[in-house]
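Overview (structure and organization)
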Amino acid sequence: MYDVVLACCRWLENTPWGATVRGSSWMYPIALWLHFVGLSMWLGASLAVDLRLMGVGARRQTAAELSNGFFACNWIGFGVAFLGGFLLLSAEATTYVANTGFRLKLAVLTPLAMIWHLVVQRKIRLWTQTEQTSAIGKWAGLIELSLWISVVTASVGFLLTNAVIHA
Amino acid sequence: MWEVLQHAGWVTTLGTSRRLYGLVSVVHYSAVFICVGTNVLLDLRILAVAARNQALSVLADQLRAWTWIAFGSAVVSGFLLFAVEAGDYAAATPFRVKMLVIGLAVIPALVIEWSVRRWDRAGVMPVTARLVALISIMLWLGAILVSVEIPALTGLG
């Protein structure tokens, strides 16, 4: 199994875009910038909805209204974050995949958080039929918030232990 | 002055503890994403790109606390990370540019805070509002761009 993953990583590194990001002094920061800009949109929208589900902070809108209003920006943000992340991964896939923090992030935490995000997006209307969010909705918000913070934690763990220095 | 800060006891502790430094980094990244995200989303509402069916002032009320709590957390955690290599950061031009861009980005954010109710009553979004929102987006995204360029250009961080 790991051999297959490693073969994919080698292929990614040898793609024209992988080689370009790796070989250029300005492409790597630009890919990181794309990743962070996308994440800001994605997390800004998602976490504002989660906090509203939890009933914390202002209650000028229901969680469902907030989620609907941000729907497009939320997913555009995800697309941009994905593109940036994909470029970063392509540059040094074999180094990344050897890191425990990165494995945890990409194989476990991000898929879990994504699935949970989709569940929340599908069910949010049901949970906010009345002015008050249902108890299950509150827990759902807290779980999504915790999952995304754990994704950031694994990413920081990866950044701090990553042996590659980009200069 | 910055060298004194860098060699303070608590800063050395922070700099040598991977856990502590990691924790502060997690707070910084999360806070920055929430601060920039909520600011840009509100700007996009002013530009009629996001949440068009919702009143601007209602959306601003909903996001205000998170924007400023995140901004405060980003500043505090950012200062802690800065302290670890204060001398080098303070001397690095990209870092100074970053501080300038963030300082500038706060201005449109405050202008928007003060004006949302007036702009909401106007019916059609004033050109000034759209211009301020556009400048705000460019400054916040610019702040992230300068931030990722700091390690690339100086090797710091």
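Below, the structure is looked at part by part.

Analysis parameters
Residues numbered from 1 in each chain as written. Chains lettered and ligands numbered in written order. Predicted model: local features only at pLDDT ≥ 70, side-chain atom pairs only at ≥ 80, totals over all residues. Helix = DSSP H or I, 4+ residues; strand = E, 2+ residues; numbered from the N terminus. Buried ≥ 20, exposed ≤ 12 C-beta atoms within 10 Å, placed from the backbone. Contact = placed C-beta atoms within 7 Å. Nonpolar A, V, L, I, M, F, W, Y, C, P; charged D, E, K, R; others polar. Axes fitted to C-alpha atoms, helices over the stretch in contact; angles between N-to-C directions. Parallel < 35°, antiparallel > 145°, perpendicular 65-115°, else oblique. Left-handed = near helix turned anticlockwise from the far one by under 90°. Core = buried A, V, L, I, M, F, W, Y, C linked by C-beta atoms within 7 Å.

1. A word on the overall build of chain B
Scanning chain B for helices and strands turns up seven helices and zero strands. Mapped in sequence order, the helices and strands of chain B form the string α-α-α-α-α-α-α. Overall, chain B is about 55 × 25 × 25 Å in size when its C-alpha atoms are taken along their principal axes. Relative to its full complement of 157 residues, chain B shows a buried share of 38%. A separation of at least 24 residues holds for 78% of the contacts in chain B among residues at least 6 apart in sequence.

2. A few points about the interface of chain A and chain B
Taken together, the contact between chain A and chain B spans 33 residues of the former and 32 residues of the latter. Contributions of two or more residues to the side of chain A that touches chain B are made by helix H3 (27–54), helix H4 (63–91) and helix H7 (135–161) of chain A. Counting residues per element, the side of chain A that touches chain B draws most heavily on H3(A), which supplies 15 residues. Classifying every residue of the side of chain A that touches chain B gives 23 nonpolar, eight polar and two charged.

3. Comments concerning the packing of H3(A) against H4(A)
Residues and elements named next belong to chain A. Orientation of H3 relative to H4, taken along the N-to-C sense of each, is 155°, at an axis distance of 7 Å. The angle between the axes of H3 and H4 places the two elements in the roughly antiparallel class. Like other packed secondary-structure pairs, H3 and H4 cross with a definite hand, here left-handed. When the residues that make up the contact of H3 with H4 are grouped by side-chain class, the tally is 24 nonpolar, nine polar and one charged.

4. Some words on the environment of Leu44(B)
Mapped onto the elements of the fold, Leu44(B) is located in helix H3 (residues 18–46). Taking the C-alpha atoms as reference, Leu44(B) lies 8.4 Å from Leu134(B); in sequence the two are 90 residues apart. In contact with Leu44(B), not counting residues within four places along its chain, are Cys73(A), Val49(B) and Ala50(B).

5. Concerning the nonpolar core
Residues Ala45(A), Ala48(A), Phe70(A), Ile34(B), Cys35(B) and Leu41(B) are the most contacted members of the largest nonpolar core, which totals 86 residues. The residues contacting Leu41(B), other than those within four sequence positions of it, are Gly44(A), Ala45(A), Phe70(A), Cys73(A), Ala50(B) and Leu63(B).

6. Some points on unusual backbone geometry
All names here are of chain B. A positive phi angle, near 60°, is found at Ala48, a position not held by glycine. Among the structural elements, Ala48 can be located in the loop between H3 and helix H4 (56–84). With 12 C-beta atoms packed within 10 Å, Ala48 lands in the exposed category. Notably, Ala51 is not glycine yet its phi reads approximately 45°, a positive angle.

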